[in-house]
Amino acid sequence: MAKLVYALNQSLDGYVDHMAFAPEPALFRHFIDDVRGLAGSLYGRRMYEVMRYWDDDHAEWDAEKRAYAKAWRSQPKWVVSRSLTSVGPNATLINGDLAAAINSLKTQLDGVIEVSGPELAQSLTDLGLVDEYRMYLHPFVIGSGKRYFAGPRPPLRLTASDRIGENVIRLTYVPA
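Predicted model, so just to flag it, every value in this text is computed and none were measured.

**Student:** It is not clear to me how the overall build of the chain should be interpreted in this structure. Could you clarify?
**Tutor:** Counting secondary structure elements, the chain contains five helices and eight strands. The secondary structure elements of the chain, listed N-terminal to C-terminal, are β-α-β-α-α-β-β-α-β-α-β-β-β. For the chain, whose C-alpha radius of gyration is 16 Å, the value lies close to the compact-globule estimate of 16 Å for 176 residues. For the chain, the spread of C-alpha atoms along the three principal axes comes to 40 × 40 × 30 Å. Counting all 176 residues of the chain, 47% fall into the buried class. Long-range pairs, those at least 24 residues apart, make up 70% of the contacts in the chain between residues at least 6 apart in sequence. When the accessible surface of the chain is totalled, it reaches about 9000 Å², and 52% of it is carbon and sulfur. A gap of 2 Å separates the mean positions of the 20 positive and 21 negative side-chain charges of the chain.

Okay, structure coming up:
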């Protein structure tokens, strides 16, 4: 049975604005390995549109960006949206019963399905479907944007903390 993991970069003050800070090289290498090991990725519409950047090659990319793109493209993706009518390569649109669709994925697959997007993660939290939360804390205070948690949630229990690179701490929590 697959485990649903909400994982996202976040500032010290709790925001997830991907334009405010970028992963340092060690963290980027971590993400390449992470994506290679996933059973798949689950996105809300907005986060999927951000990640579609990796669908097309860019001449300015270095070897690591090419490796990330290759890993990302090879993974199955599911996109939760009421407004999209189609999605890109290796992606499936989910626009019906969210709980039924995610429970089906969790029973059909083994490994980790990574969730990206605060609103989607909140919907899945409300349904009791998120098994683990991974916060990649960056040493930035940005003061605004979307928060890692889009709303309240039941208590969490810390299960791990890992330093990745020079400046990032990954905190791993499970529902208490």
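**Student:** Got a minute to help me understand the nonpolar core in this structure?
**Tutor:** Soluble globular proteins tend to pack their nonpolar side chains together in the buried interior. Of all hydrophobic cores here, the largest spans 51 residues; its most connected members are Leu42, Tyr68, Ile102 and Leu124. The contact partners of Tyr68, leaving out residues within four places of it in the chain, are Phe28, Phe31, Ile32, Val35, Met51 and Trp54.

**Student:** It is not clear to me how the pairing of strand β3 (residues 77-80) should be interpreted in this structure. Could you clarify?
**Tutor:** Remember that side chains alternate between the two faces of the sheet whenever the strand is regular. The side-chain alternation of β3 yields two buried faces, one formed by Lys77 and Val79 and the other by Trp78 and Val80. When strand β2 (residues 40-44) meets β3, the two strands line up parallel, connected through four bridges. Each residue of the ladder has a partner; that of Leu42, found in β3, is Trp78. Relative to strand β4 (residues 91-94), β3 runs parallel, the two sharing four bridges. Of the residues in β4, the one forming a bridge with Val79 is Leu93.

**Student:** I tried to follow helix α5 (residues 118-126) on my own but got confused; where do I start?
**Tutor:** Two residues of an α-helix separated by three or four positions point the same way, owing to the 3.6 residues in each turn. Buried residues of α5: Pro118, Leu120, Ala121, Gln122, Leu124 and Thr125, and no others. Looking at the buried residues of α5, the elements they touch are β1 (2-11), β2, β3, α4 (98-108), β5 (111-116) and β6 (132-138). Of the residues trailing α5, Gly128 is marked for its positive phi of about 75°.

**Student:** Honestly, helix α1 (residues 25-36) in this entry has me stumped. Any pointers?
**Tutor:** Between its terminal C-alpha atoms α1 stretches 17 Å, which fits the 16 Å expected from twelve residues at 1.5 Å a residue. Residues Leu27, Phe28, His30, Phe31, Ile32, Asp34 and Val35 constitute the buried set of α1. Check the buried side of α1 and you find it contacts β1, α3 (63-74), β5, β6, β7 (156-164) and β8 (168-175).

**Student:** Please clarify how unusual backbone geometry should be interpreted in this entry.
**Tutor:** Backbone phi values are negative for most residues with the exception of glycine, while trans is the configuration of most peptide bonds. A positive phi is found at Asn90, a non-glycine position, where the angle reads about 60°. As for its placement among the helices and strands, Asn90 is situated in the loop between β3 and β4.

**Student:** Please explain the packing of aromatic side chains as it appears in this structure.
**Tutor:** The geometry of an aromatic ring pair is captured by the separation of the ring centres together with the interplanar angle, meaning the angle of the planes. According to the stated counting rule, one finds 14 aromatic pairs in the structure shown. An angle of 40° between the planes, with centres 5.5 Å apart, marks the rings of Phe28 and Tyr68 as tilted. Of the two residues, Phe28 sits in helix α1 while Tyr68 sits in helix α3, which places them 40 residues apart along the sequence. The two residues Phe28 and Tyr68 agree in class, both being buried. The rings of Phe28, Tyr53, Trp54, Trp61 and Tyr68 are connected pair by pair, giving a single aromatic cluster.

**Student:** Mind showing me how you'd approach the pattern of salt bridges here?
**Tutor:** Once their charged atoms are close, side chains differing in charge can pair, the charge on each being opposite to the other. Applying the stated criterion to the full structure yields twelve salt bridges. Residue Glu132 pairs with Lys3 through a salt bridge whose shortest N-O separation is 3.1 Å. On the criterion of sequence distance, the pair formed by Glu132 in strand β6 and Lys3 in strand β1 is long-range, its members being 129 residues apart. The salt bridge partner of Arg29 is Glu64, with a shortest N-O separation of 3.5 Å. Residue Arg29 is found in helix α1, and its partner Glu64 is found in helix α3; the two are separated by 35 residues along the sequence.

Calculation notes
- Residues numbered from 1 in each chain as written.
- Predicted model: local features only at pLDDT ≥ 70, side-chain atom pairs only at ≥ 80, totals over all residues.
- Heavy atoms only, no water.
- Helix = DSSP H or I, 4+ residues; strand = E, 2+ residues; numbered from the N terminus.
- Rg over C-alpha atoms; globule rule 2.2 N^0.38 Å.
- Buried < 20%, exposed > 50% of the residue type's maximum accessible area, 1.4 Å probe, protein only.
- Contact = heavy atoms within 4.5 Å.
- Areas by Shrake-Rupley, 256 points an atom, 1.4 Å probe, with all protein chains shown as cover.
- Lys, Arg positive; Asp, Glu negative; His and termini not counted.
- Charge placed at Lys NZ, Arg CZ, Asp CG, Glu CD.
- Core = buried A, V, L, I, M, F, W, Y, C linked by side-chain atoms within 4.5 Å.
- Pairing = 2+ DSSP bridges.
- Expected span 1.5 Å × (residues − 1).
- Phe/Tyr/Trp six-rings, centres within 6.5 Å; stacked < 30°, edge-to-face > 60°.
- Salt bridge = Lys/Arg side-chain N within 4 Å of Asp/Glu carboxyl O.

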